[in-house]
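# Structural overview
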Amino acid sequence: MEAGPQLEVLTRRLAECPPDFLAEPRRGGAGVVQVAAVVADLLADWSAPALTPAQAAAFQAAASQAKVNWLRLVLLACWLWHDPWFVRRAPSAQAALTCLSKDLAGLAKLVPAPQCVLDPDRREELARLCLKGLGLHPEGETPAQAQDRLNALDSVERQRVIEAARSAEARSRAVREAMAAKAAQEAADKWSRE
Amino acid sequence: MVEALTQAQRYPFLTGDGRRLLEWLHESEFAPRYNHHCGPRLTAQGLGRVRAFEAEVRGSPPRWAPGSPPGWVAEFAAFCLREVPFYRRYGAGPRDFAGLPACRRANLGREPWAFVPDGQPLDDLIVYSTSGTTGHPLSVLSHPETAASYLPLLRAALARHGVTLAGGAGQVACLLICFQQSTFTYATVSPYLDFAGFAKINLNPADWRGPDDAARFIDACRPEIFTGDPLSFDALARLPLTSRPKALISTAMALLPGLQGSLSARFGCPVLDTYSLNEAGLVGVARPSGGFALLQPRLYVEILDDDDRPCAPGVRGEITLTGGCNPFLPLLRYRTGDFARLVYDQGEPCLADLEGRPPTTFTTATGLTLNNVDVSVALRDFALPCYTLHQAADGALTLRLPADWAGRDQVRATLLRLFGAGQALTIQALPPGAPSGKVVQYTRDDAAN
């Protein structure tokens, strides 16, 4: 993992995100922004190969709200990666596309895209995700520090922990209830004292 | 009030011979007044798994080199850390097995449900309660196949002494002898032993219809073996029995060599001392050549010091268990509260100087410090079924013996030789009614330490 730009540069860039990147993705006759075109522009600025038709199709808006939210996060990531630091270095386009399709898809299920502009913690989370997706960490941090900080902010991980805790409590309750029921029931024979 | 199961739940399958023997055990002329019903609850598939376990017990006796856990331990520990809520709290990340924390009876007592793996179905859960005379009362969660797995281990223990538990239709395989104020008593048959019979009986006269019925019933059963504790065997030996068992299996309390010898002479068979606990089942059996052989193929035994570090071979510490055959209670470095040394006899790990309770030091009249093992050794030739020794803060000793035990003066003389002629010593009777679990045999007031 290599050092990237300063984190504050990226969070400031997100905070100053132009309204165009927050506009509704185009779907059917509605919406404004062709997300596939925005991604294609980014790759062109990075001097990367153009999107294949199949890759471009992934950025066509569908009916589901979750998909629309994901597309909005894709727009924000493209805005972030248009920062001159990235354009000068032309990072791996494949890594960027993987980050968009996997990391941002998880985030999209939990965090409305505008929060990644308005909320400082979510801004930092998106910035760190976009750095990590390219194999980078913020300048001035070690990879371990960067990972620790991302873990602390990680909405997906936090949701997983909450669900795990909820599931564990439900399981614990089920075992306790079974114990109470079975304790009153005759057991199985034991052939010696212990 | 115990919720009774149906006969079909107790015996998911039952042969005609098994049914007839079960009826005889309940209805024979001299049968006790059973106060409980209980069965193996073992399905045909479960029986198959118990037989597979028997093959493993025979084919894969526990073996490992000092400080090198057997190969299955790493995978088992990973399973516990991933699937068991209590162990999951230890945190993630690669760990050396010897660096894992130990847990103990108090942890289990507080939240037994936290030791149940996430994926373990709860349908066949059974719950055993222990009285907790050694410390904390305990609810032990278990499974019918775990209970049935006791029998292959029992067979392996007997085989160590050249005895075969055959079972078979119409045969009573075992009587569990109790001698106490009250306890659950019941009769059952075992599909594992081709529906041979088993009964748990209490020699307390109140459990029988006539004064001679206990002896008559036992003789009518002609069991292959007796299981029980030293106190109940002492009572059994006084009955005018003519039946000759193949062996006696002693559990739950320390069996002193003196009593072991007299019981062996009385019944004309070996008397096996075993190491067994509710949390893990039958762990070991005393070997004719000394020490306790370990029986379970997937039970790793360590001896730990106070800081959860493994003791070197031959160094005394707390017996700590990993593994077992109870799907509701996977043990990961479980401190048993019992103490021993782990020695290796031609590559076989064995427990030596096993004492089923924390070691206690005593102070003699001249200020010397004695280990409780010294007291055990001094009293070993007495046929004592049970005793306790306590040292008060002022150094005075109180020895408690069975009320009707005749050799008090000899025991007093032996203890005064050990502690010094000036030692204050009171001998009292043990409280009425036999203890119902491990006895805390050696104690002292903290101020005396």
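Residues numbered from 1 in each chain as written. Chains lettered and ligands numbered in written order. Predicted model: local features only at pLDDT ≥ 70, side-chain atom pairs only at ≥ 80, totals over all residues.

Residues and elements named next belong to chain B. Examined against the element boundaries, Arg-58 turns out to sit in helix H3 (residues 44–59). A residue is classified by how many C-beta atoms lie within 10 Å of it, and Arg-58, with 13 of them, is partly exposed. With 218 residues separating them in the primary sequence, Arg-58 and Ser-276 have C-alpha atoms 19 Å apart. (Helix = DSSP H or I, 4+ residues; strand = E, 2+ residues; numbered from the N terminus. Buried ≥ 20, exposed ≤ 12 C-beta atoms within 10 Å, placed from the backbone.)

This paragraph deals with the pairing of strand S8 (residues 247–250) of chain B. Residue and element names in this part refer to chain B. The alternating pattern of S8 places Ala-247 and Ile-249 on one face and Leu-248 and Ser-250 on the opposite face, and all of these are buried. As paired strands, strand S7 (residues 225–228) and S8 are joined by four bridges and run parallel to one another. Pairing of Phe-226 across the sheet is with Leu-248, part of S8. Relative to strand S9 (residues 271–277), S8 runs parallel, the two being bridged by three bridges. Counted as the bridge partner of Ile-249 is Leu-272 from S9. (Pairing = 2+ DSSP bridges.)

A separate point is the domain arrangement of chain B. When cut into domains, chain B gives domain 1 (7–31 + 166–269), domain 2 (61–147 + 293–355) and domain 3 (361–448). One C-alpha centre belongs to domain 1 of chain B, the other to domain 2 of chain B; they are set 31 Å apart. (Domains from an automatic or database assignment.)

Another point: the interface of chain A and chain B. Contact residues are listed per partner, giving 21 residues for chain A and 39 residues for chain B. Its residues placed into classes, the side of chain A that touches chain B shows 10 nonpolar, three polar and eight charged. (Contact = placed C-beta atoms within 7 Å. Nonpolar A, V, L, I, M, F, W, Y, C, P; charged D, E, K, R; others polar.)

Looking now at helix H11 (residues 257–267) of chain B. Owing to its 3.6 residues per turn, the α-helix aligns residues three or four sequence positions apart on the same side. Residues and elements named next belong to chain B. For H11, every residue scored as buried is listed here: Leu-259, Gln-260, Leu-263 and Phe-267. One face of H11 carries all of its buried residues, which in axial projection span an arc of 100°. Those residues of H11 that are buried are in contact with helix H10 (230–237), S8 and S9. Gly-268 occupies a position one or two residues after H11 and carries a positive phi of about 65°. (Arc of directions from axis to C-beta.)

Residue and element names in this part refer to chain B. Extensive coverage of strand S5 (residues 186–190) is indicated by the burial of five of its five residues. Burial along S5 is two-sided: the face carrying Tyr-186, Thr-188 and Ser-190 and the face carrying Ala-187 and Val-189 are both buried. Pairing geometry for S5 and strand S6 (residues 196–202), over five bridges, is antiparallel. Bridge pairing links Tyr-186 to Lys-200 in S6. Remark: five residues form the turn of the hairpin made by S5 and S6, two consecutive strands paired antiparallel; Asp-194 in that turn has positive phi of roughly 55°.

Leu-154, Ala-157, Leu-175, Ile-177, Leu-248 and Leu-295 of chain B are the most contacted members of the largest nonpolar core, which has 119 residues in total. Apart from the residues lying within four places of it in its own chain, the contact partners of Leu-295 of chain B are Val-57, Leu-153, Ala-156, Ala-157, Leu-282, Val-283, Gly-284 and Val-285 of chain B. Counting residues in each nonpolar core, the second largest holds 39 residues, with Leu-71, Val-111, Leu-126 and Leu-129 of chain A among its members. (Core = buried A, V, L, I, M, F, W, Y, C linked by C-beta atoms within 7 Å.)

Our focus in this paragraph is helix H6 (residues 93–108) of chain A. Residue and element names in this part refer to chain A. The end-to-end C-alpha separation of H6 is 21 Å, in line with the 22 Å expected for 16 residues at 1.5 Å each. When the local axis directions of H6 are compared, the greatest deviation, roughly 30°, occurs at Cys-99. Along H6, the residues classified as buried are Ala-96, Cys-99, Leu-100, Leu-104, Leu-107 and Ala-108. Where H6 is buried, its residues meet helix H4 (65–81), helix H8 (120–133) and helix H10 (155–183). (Expected span 1.5 Å × (residues − 1). Bend = angle between axes of the 7 residues up to and from the residue.)

This part covers the sheet that holds strand S21 (residues 442–444) of chain B. All names here are of chain B. Read across the open sheet, the four strands follow the order S20-S19-S18-S21; overall the sheet is mixed. A single partner strand is all that each edge strand has here, and the edge strands are strand S20 (425–429) and S21. Neighbour to neighbour, the strand axes of the sheet diverge by 20° on average, direction disregarded. As judged from the four bridges shared by strand S18 (residues 388–391) and strand S19 (residues 397–401), these two strands associate in the antiparallel manner. Opposite His-390, over in S19, you have Thr-398 as the bridge partner. (Axes fitted to C-alpha atoms, helices over the stretch in contact; angles between N-to-C directions.)

It is worth spelling out the packing of H6 of chain A against H8 of chain A at this point. For any two helices packed against each other, the geometry comes down to the angle between their axes and how far apart the axes lie. Residue and element names in this part refer to chain A. Axis separation between H6 and H8 bottoms out at 9 Å; the angle between their running directions is 145°. Like other packed secondary-structure pairs, H6 and H8 cross with a definite hand, here right-handed. For the pair H6 and H8, contact is made by Ala-95, Ala-96, Thr-98, Cys-99, Asp-103 and Leu-107 and by Leu-129, Cys-130 and Gly-133, respectively. (Left-handed = near helix turned anticlockwise from the far one by under 90°.)

Further remarks concern unusual backbone geometry. The phi torsion at Ala-90 of chain A lies on the positive side, around 50°, for a residue other than glycine. Within the element layout of this structure, Ala-90 of chain A appears in the loop between helix H5 (84–89) and H6. Of note, Asp-353 of chain B is a non-glycine position whose phi angle comes to about 55°, a positive value. Tracing the chain through its elements places Asp-353 of chain B in strand S15 (residues 348–355). The class of Asp-353 of chain B is partly exposed, set by 18 C-beta atoms lying within 10 Å.

Residue and element names in this part refer to chain A. Interhelical geometry of helix H1 (residues 7–15) versus H8 gives an angle of 120° and a closest axis separation of 9 Å. Taken as axis vectors, H1 and H8 run oblique relative to one another. Here H1 and H8 pass one another in a crossing that is right-handed. From H1, Leu-7, Leu-10, Thr-11, Leu-14 and Ala-15 reach across to H8, where they touch Arg-123, Glu-124, Leu-126 and Ala-127. Here the contact of H1 with H8 is composed, by residue class, of six nonpolar, one polar and two charged. (Parallel < 35°, antiparallel > 145°, perpendicular 65-115°, else oblique.)

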